[in-house]
Amino acid sequence: MAPQSPIQFIEAALWCTGPFELSYTDPDQKWHIRRDMLSLLQDFPNLSPSMKTYIHNDGTIVNLLNAYGTIHVSSSSPQVPLPIWLHENYPYMAPIVFVGQPGIAPSSTIHGEHPFVDPLGLTVSPYIRTWQFPRCNLKDLVHNLVKIFSRDHPFSCSPTSSPFTHPSMVSKKEALDRFAGMLHYSTVALRSETDEEIKELLALQEEMDQRVTIVTTIVQGLERERWELRDRVVGLAEEADVLINWLKVHDTKRAAATGDDNVDDLFEGVDEESKSRVQCLAADMSKSRVECEGNFEKKDFTLDGFQNFLVVYLSIAQASETFFFLV
């Protein structure tokens, strides 16, 4: 028995009944499919018709007519395997086009940044996106794909640059395809730059968070040190009061004899040099004591106030070590 010709197979498939009946119900629709399929096979003899089950993304199962084969896009690039499924609502719905063999997972050679072919092999060109019957048809779709893949092959991530001399030299469809491709790659490049900037900003944010943690720790330490210094100033003031009271209590004889309870007179040098130093220290201590007492009356616990107090306290301590106490 001689094999069926493509036209015989298409007619038998379209008017088949029973479990293998296709999902095309309208007779006018079948005649449109027959005409477009024959026109396609005439321009692309490497394609051959077949009928198989197709499962939509929503799980709907239909029996569709498809054409599968390879198309030649250029002499310097490999041929592209192309299964084309005619939607159950064709010609009012665009065909479903994949790159790769039907029923087989898409080849890993399809580069992921192709503007019109996704990683699963689904092809969505501007011609398919703007499909409108009767302006669009199956044969023109494949011719459009040949032009697209000749400039941007799905198995190569380096789009071919073809001369674009003047807008009047190209069709509106070709110009739209080229613009869509350039826009896609520009978007990919911009997305890549944006991702790099986001990574840099995240790294900068992490570094700033670390610096904030360090600065917060330093500020907390300085705050604790400030309170410790304040407590120390209070303690030194109390110790100074205790020392002054002790001097007053333990020098009752001299205070009674002289009638003067000024603690500054309780120190006396052992020689002329010591006496001279006592006089100089007394003058400095008098000035510093006035400033220190003023700070305490004002509750001034600043660093300057604390330094003034230390001058007085250290002067008293130094005088105690240098001179002797008169009993």
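All figures in this text were calculated on a predicted structure; none of them were measured in a lab.

### Quick word on the overall build of the protein chain
Then, in step 1: Broken down by element type, the protein chain carries eight helices and seven strands.
Then, in step 2: Residues counted as buried form 32% of the 327 residues belonging to the protein chain.
Then, in step 3: Counted over contacts in the protein chain with a minimum sequence separation of 6, partners at least 24 positions apart contribute 58%.
Then, in step 4: Per element, the accessible surface of the protein chain, about 20800 Å² overall, is 57% carbon and sulfur.

### Re a negative patch on the surface
Then, in step 1: Judged by side-chain charge, Glu 193, Asp 195, Glu 196, Glu 197 and Glu 200 come together as a negatively charged surface patch.
Then, in step 2: As for its placement among the helices and strands, Glu 197 is situated in helix 5 (residues 172-249).

### So, a nonpolar patch on the surface
Then, in step 1: A grouping of Leu 201, Leu 204 and Met 208 is seen on the molecular surface, where their side chains present a nonpolar patch of about 280 Å² in accessible area.
Then, in step 2: Topologically, Met 208 is positioned in helix 5.

### Overview of the nonpolar core
Then, in step 1: With 42 residues, the main nonpolar core has Tyr 24, Ile 33, Met 37, Leu 65, Ile 71, Leu 82 and Phe 149 as its most contacted residues.
Then, in step 2: Going through the elements one at a time, helix 1 (6-14), helix 2 (27-43), strand 2 (61-71), strand 3 (80-85), strand 4 (96-98), helix 3 (126-129) and helix 4 (138-151) are the ones with two or more residues in this core.
Then, in step 3: For this core, the element with the most residues is helix 4, which contributes seven residues.
Then, in step 4: Filtering out sequence-adjacent residues up to four positions away, Leu 82 remains in contact with Leu 47, Ala 67, Tyr 68, Gly 69, Ile 71, Val 97, Phe 98, Val 99, Gly 100, Leu 145 and Phe 149.

### Quick notes on the confidence of the model for the protein chain
Then, in step 1: The predicted model of the protein chain has a mean per-residue pLDDT of 77, with 67% of residues at 70 or higher.
Then, in step 2: The weakest mean pLDDT in the protein chain belongs to strand 7 (residues 324-325) at 40; the strongest belongs to strand 4 at 94.
Then, in step 3: This stretch, residues 320-327, has a pLDDT under 50; its non-local contacts, to residues over four places away or in other chains, come to 23 contacts.

### Notes on the packing of aromatic side chains
Then, in step 1: Enumeration according to the criterion identifies five aromatic pairs in this entry.
Then, in step 2: Summarising the aromatic geometry, the rings of Tyr 92 and Phe 133 are spaced 5.2 Å apart at their centres and angled 70 degrees between planes, so their arrangement reads as edge-to-face. Taken together, the positions of Tyr 92 in the loop between strand 3 and strand 4 and Phe 133 in the loop between helix 3 and helix 4 put the pair 41 residues apart, joining distant regions of the chain.
Then, in step 3: For Tyr 92, a relative accessible area of 61% puts it in the exposed group.
Then, in step 4: Feature note: the residues Tyr 90, Tyr 127 and Trp 131 constitute an aromatic cluster, connected by ring pairs.
Then, in step 5: Just above the ring of Trp 227 sits the side chain of Arg 226; from NZ or CZ to the centre is 5.0 Å.

### Observations concerning helix 4
Then, in step 1: Between its first and last C-alpha, helix 4 extends 21 Å over 14 residues, near the 20 Å set by a 1.5 Å rise per residue.
Then, in step 2: When helix 4 is considered as a whole, its buried residues turn out to be Leu 138, Leu 141, Val 142, Asn 144, Leu 145, Val 146, Ile 148, Phe 149 and Arg 151.
Then, in step 3: One side-chain oxygen of the residue at the start of helix 4 lies 3.2 Å from the amide nitrogen of Lys 139, identifying that residue as Asn 137.

### Re the pairing of strand 1 (residues 48-55)
Then, in step 1: Examined bridge by bridge, strand 1 and strand 2 share eight bridges and lie antiparallel to one another. Across the sheet, residue Met 51 finds its bridge partner in strand 2, namely Leu 65.
Then, in step 2: Once strand 1 ends, the chain turns through five residues before running back antiparallel as strand 2, passing Gly 59 with a positive phi of about 95 degrees.

### Side note on the environment of Glu 88
Then, in step 1: For Glu 88, the location among the structural elements is in the loop between strand 3 and strand 4.
Then, in step 2: Residue classification places Glu 88 among the buried positions, given a relative accessible area of 17%.
Then, in step 3: The spatial distance from the C-alpha of Glu 88 to the C-alpha of Leu 22 is 8.5 Å, given a sequence separation of 66 residues.
Then, in step 4: Those residues in contact with Glu 88, other than ones at most four positions away along the chain, are Ser 23, Tyr 24, Gln 29, His 56, Val 62 and Leu 64.
Then, in step 5: Looking at Glu 88, its side chain comes within polar contact range of the side chain of His 56, at 3.1 Å.

### Observations regarding the sheet that holds strand 3
Then, in step 1: Judged by pairing direction, the sheet is antiparallel, and its five strands sit side by side in the order 1-2-3-4-5 without closing on themselves. Whereas interior strands pair on both sides, the edge strands pair on one side only; in this sheet they are strand 1 and strand 5 (122-123).
Then, in step 2: Pairing geometry for strand 2 and strand 3, over six bridges, is antiparallel. In the strand pairing of strand 3, Tyr 68 is matched with Pro 83.

### Here's the deal with the environment of Gly 121
Then, in step 1: Mapped onto the fold, Gly 121 is located in the loop between strand 4 and strand 5.
Then, in step 2: Under the relative-accessibility criterion, Gly 121 is labelled buried at 0%.
Then, in step 3: Linking Gly 121 and Ile 110, residues 11 residues apart in sequence, is a C-alpha distance of 7.5 Å.

Reading the values: the criteria
Residues numbered from 1 in each chain as written. Predicted model: local features only at pLDDT ≥ 70, side-chain atom pairs only at ≥ 80, totals over all residues. Heavy atoms only, no water. Helix = DSSP H or I, 4+ residues; strand = E, 2+ residues; numbered from the N terminus. Buried < 20%, exposed > 50% of the residue type's maximum accessible area, 1.4 Å probe, protein only. Contact = heavy atoms within 4.5 Å. Areas by Shrake-Rupley, 256 points an atom, 1.4 Å probe, with all protein chains shown as cover. Patch = residues over 30% accessible without salt bridge, like charges linked within 9 Å, V, L, I, M, F, W, Y side chains within 5 Å. Salt bridge = Lys/Arg side-chain N within 4 Å of Asp/Glu carboxyl O. Lys, Arg positive; Asp, Glu negative; His and termini not counted. Charge placed at Lys NZ, Arg CZ, Asp CG, Glu CD. Core = buried A, V, L, I, M, F, W, Y, C linked by side-chain atoms within 4.5 Å. pLDDT = per-residue confidence, 0-100. Phe/Tyr/Trp six-rings, centres within 6.5 Å; stacked < 30°, edge-to-face > 60°. Lys NZ or Arg CZ within 6 Å of the ring centre and 35° of its normal. Expected span 1.5 Å × (residues − 1). Polar contact = N/O pair within 3.5 Å; in protein donor to acceptor, adjacent residues only side chain to side chain. Pairing = 2+ DSSP bridges.

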